[in-house]
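Chain residues, written in single-letter form:
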Amino acid sequence: MIIGVPKEIKNNENRVSMTPAGVKELVNHGHTVYVQHTAGHGSGFADEQYIAAGATILPEIADVYGMAEMIVKVKEPIEEEYALVRKGQLIFTYFHFASDLALTEAMLASGATCIAYETVRDRQGTLPLLVPMSEVAGRMSVQEGARFLEKPQGGKGILLGGVPGVKPAKVLVLGGGVVGRNAALMAAGLGADVTITDISLPTLRHLAEVMPRNVKTLYSSTHNIELELPDVDLVIGSVLIPGAKAPHLIKHDMLHLMRPGTVMVDVAIDQGGCFETSHPTKHDDPVYVVDGIVHYAVANIPGAVPYTSTMALTNATLPYALRLADFGWRDACKADAGLAEGVNIVDGHITFRGVADAFGMPYTPLSL
């Protein structure tokens, strides 16, 4: 198969979808790999490393799309790329369709096959291609939240871990999944007073067993969240419904419960956000203020640490990319029901129910 690795062009997205080591594995399997010039520079990988791994470097993004049967990316195609995607082409990346109608319509019109990292499942029913970036995003959410709690950044001027004689900051983590667990661990490690919520009692029991002593668990309900907000300093929103739009756990009229300078980090913004007042931001302009509350809603948080993120992402995606290239997407998906769940769009049809439901569009089972 001919595989293309384009340079990411989303704002401050420095990750690349494949390391030179990953490219070498694809080449060793007999595949041809085209990498766009400087695609790996932001992550610390030079063109020469890709050439040594067996790739061919192409100068422009249009050249890569034009040659490749399968495009492997990090982030969804943005508007400038829509016209480059062609009928029958396989696009393997994070899509988050349910929060982006324009992207969904563009990919439907293209006739391409779109496999979304975020809905692929493994035999345990988990989301293996979402996990590594969720780990990064969860840890970075606390790092960024702590930064914007600083007074010059618009926050309350609170040190997350406090100091002897001064209480630490209070952190509320909404959602006990991969993002939430990593956020809670990071905040706890910095010495904060952490509360993590979820609607699953088994999840809360597990968290209570494995989390440090400065992490408390709380059943997630509107009432319980409202009781927490007056004393909280940092809120991490990490609720995920795979492939579907995130629910709004904090509504606009709840902001008045928090003190000015409180920071809310919406890690679920890729799926529409779990705060009603959230809208996507970019790394070069990451925050805005609503009713005195600082909102951080960068849609590609792991892009700020591209070396770590690229290495972690390739570790997870490479086995799937190899299967898709070795057997073609149809046979690969027949052999792996979890990979088949990643297929969101095929030749103008939505094959993932969560996406169809998000926009009231027709759903076509993949088997058809």
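Report follows, based on the coordinates.

Cut-offs applied
Residue positions within a chain follow its written sequence, with the count starting from 1. Local features in a predicted model are, by the rule used here, given only for residues with pLDDT of at least 70; side-chain atom pairs are given and counted only at 80 or more, and totals for whole chains, interfaces and linings are based on all residues. Note that water and hydrogens are dropped before the side-chain values are worked out from all heavy atoms of the structure. Relative accessibility decides the category of a residue: with a 1.4 Å probe and only protein chains considered, values under 20% of the type maximum give buried, values over 50% give exposed, and everything between is partly exposed. For the purposes of this entry, the term helix denotes a DSSP run of H or I that reaches at least four residues, the term strand denotes a run of E that reaches at least two, and both are numbered from the N terminus. Any two strands are treated as partners once DSSP identifies two or more bridges connecting them. For the purposes of these results, a polar contact is taken to be a pair of N or O atoms within 3.5 Å, where, inside protein, one atom must be able to donate a hydrogen and its partner to accept one; residues adjacent in sequence count only when each atom of the pair is a side-chain atom. Here a residue-residue contact requires only that any non-hydrogen atoms of the pair lie within 4.5 Å. Salt bridges are identified by distance alone: a Lys or Arg side-chain nitrogen within 4 Å of an Asp or Glu carboxyl oxygen. Put simply, two rings from Phe, Tyr or Trp (the six-membered ring, in Trp's case) pair if the centres are within 6.5 Å, and we call them stacked under 30 degrees between planes, edge-to-face over 60, tilted for the rest. Here an axis means a line fitted to C-alpha atoms, over the contact stretch when the element is a helix, while the angle between two N-to-C directions is reported on a 0 to 180 degree scale. We call two directions roughly parallel when the angle between them is under 35 degrees, roughly antiparallel when it is over 145, roughly perpendicular when it lies between 65 and 115, and oblique otherwise. Note that Gly is not counted as nonpolar here; it falls among the polar residues with everything else outside the nonpolar set of Ala, Val, Leu, Ile, Met, Phe, Trp, Tyr, Cys and Pro and the charged set of Asp, Glu, Lys and Arg. In this scheme, a helix's expected span is set at 1.5 Å multiplied by one less than its residue total. One axis is fitted to the seven residues ending at the residue and one to the seven starting there. The bend at that residue is the angle between these axes. In a left-handed crossing the near helix is turned counterclockwise from the far helix by less than a right angle, and in a right-handed crossing that turn is clockwise.

With respect to the pairing of strand 8 (residues 193-198)
Okay, step 1: Most of strand 8 sits inside the fold, with 5 of its 6 residues counted as buried.
Okay, step 2: Two elements, strand 7 (residues 170-174) and strand 8, share 5 bridges in a ladder whose sense is parallel. Bridging from a neighbouring strand, K170 pairs with D193 of strand 8.
Okay, step 3: Bridge count between strand 8 and strand 9 (residues 215-219): 5 bridges; the pairing is parallel. Along strand 9, the bridge assignment pairs V194 with V215.

Comments concerning the side chain of S17
Okay, step 1: Residue position: S17 is located in the loop between strand 1 (2-5) and helix 1 (20-28).
Okay, step 2: For S17, a relative accessible area of 0% gives the class buried.
Okay, step 3: Within the local environment of S17, its side chain forms a polar contact with the backbone oxygen of V72, the two atoms lying 2.6 Å apart.

A closer look at the environment of I269
Okay, step 1: Relative to the assigned elements, I269 resides in the loop between strand 11 (263-266) and strand 12 (287-290).
Okay, step 2: Residue I269 is classed as buried on the basis of its relative accessible area, which comes to 5%.
Okay, step 3: With 256 residues separating them along the chain, I269 and E13 place their C-alpha atoms 16 Å apart.
Okay, step 4: The contacts of I269, once residues within four sequence positions are left out, are S278, H279, P280, A297, V298 and A299.

Describing the pairing of strand 14 (residues 343-346)
Okay, step 1: Pairing between strand 6 (residues 113-116) and strand 14: 3 bridges, direction antiparallel. Among the inter-strand pairings, C114 is bridged to a residue of strand 14, identified as I345.
Okay, step 2: Bridge analysis of strand 14 against strand 15 (residues 349-350) gives 2 bridges, and the strand direction is antiparallel. When the sheet's bridge partners are listed, V346 is paired in strand 15 with H349.
Okay, step 3: Linking strand 14 back to strand 15 in an antiparallel pair, the connection comprises 2 residues, with D347 at a positive phi of about 45°.

Focus: the pattern of salt bridges
Okay, step 1: Tallying each qualifying case throughout the model produces 13 salt bridges.
Okay, step 2: Between E76 and K75 there is a salt bridge whose closest N-O contact spans 3.7 Å.
Okay, step 3: What makes K75 buried here is its relative accessible area of 2%.
Okay, step 4: Put simply, E144 and R147 hold a salt bridge, and the shortest N to O gap is 2.6 Å.

A few points about the packing of aromatic side chains
Okay, step 1: All chains considered together, the criterion is met by 5 aromatic pairs.
Okay, step 2: When the ring of Y94 is compared with that of Y117, the centres are 4.8 Å apart and the planes differ by 85°; the resulting orientation is edge-to-face. Pair noted here: Y94 is in the loop between strand 5 (90-93) and helix 5 (101-110) and Y117 is in the loop between strand 6 and helix 6 (131-148), with a separation of 23 residues, a long-range link. Neither residue differs from the other here; Y94 and Y117 are each classed as buried.
Okay, step 3: With centroids separated by 4.5 Å and ring planes inclined at 10°, the aromatic side chains of F95 and F97 adopt a geometry described as stacked.
Okay, step 4: Overall, F97 belongs to the buried group, its relative accessible area being 1%.
Okay, step 5: Counting every residue linked through ring pairs, the aromatic cluster contains F92, Y94 and Y117.

Details of the packing of helix 6 against helix 10 (residues 306-335)
Okay, step 1: Packing of helix 6 against helix 10 brings their axes to within 8 Å, and their N-to-C directions diverge by 155°. Our classification of the angle between helix 6 and helix 10 gives roughly antiparallel. Together, P132, M133 and V136 of helix 6 and S309, A312, L313 and A316 of helix 10 make up the contact between the two elements.
Okay, step 2: In the contact of helix 6 with helix 10, the residues fall into 6 nonpolar, 1 polar and no charged.

Examining helix 10
Okay, step 1: In a regular helix each residue adds 1.5 Å, so 30 residues correspond to 44 Å; helix 10 covers only 32 Å between its end C-alpha atoms and thus falls short of that length.
Okay, step 2: Taking the largest bend as the criterion, helix 10 deviates by roughly 115°, centred on G328.

Structural notes on the packing of helix 1 against helix 10
Okay, step 1: For the pair helix 1 and helix 10, the least separation of the axes is 10 Å and the interaxial angle reads 20°. The orientation of helix 1 with respect to helix 10, classified from their angle, is roughly parallel. Taken as a pair, helix 1 and helix 10 cross one another with a handedness that is right-handed. Two secondary-structure elements touch here, helix 1 through G22, E25 and L26 and helix 10 through T314, L318, A321, L322 and A325.

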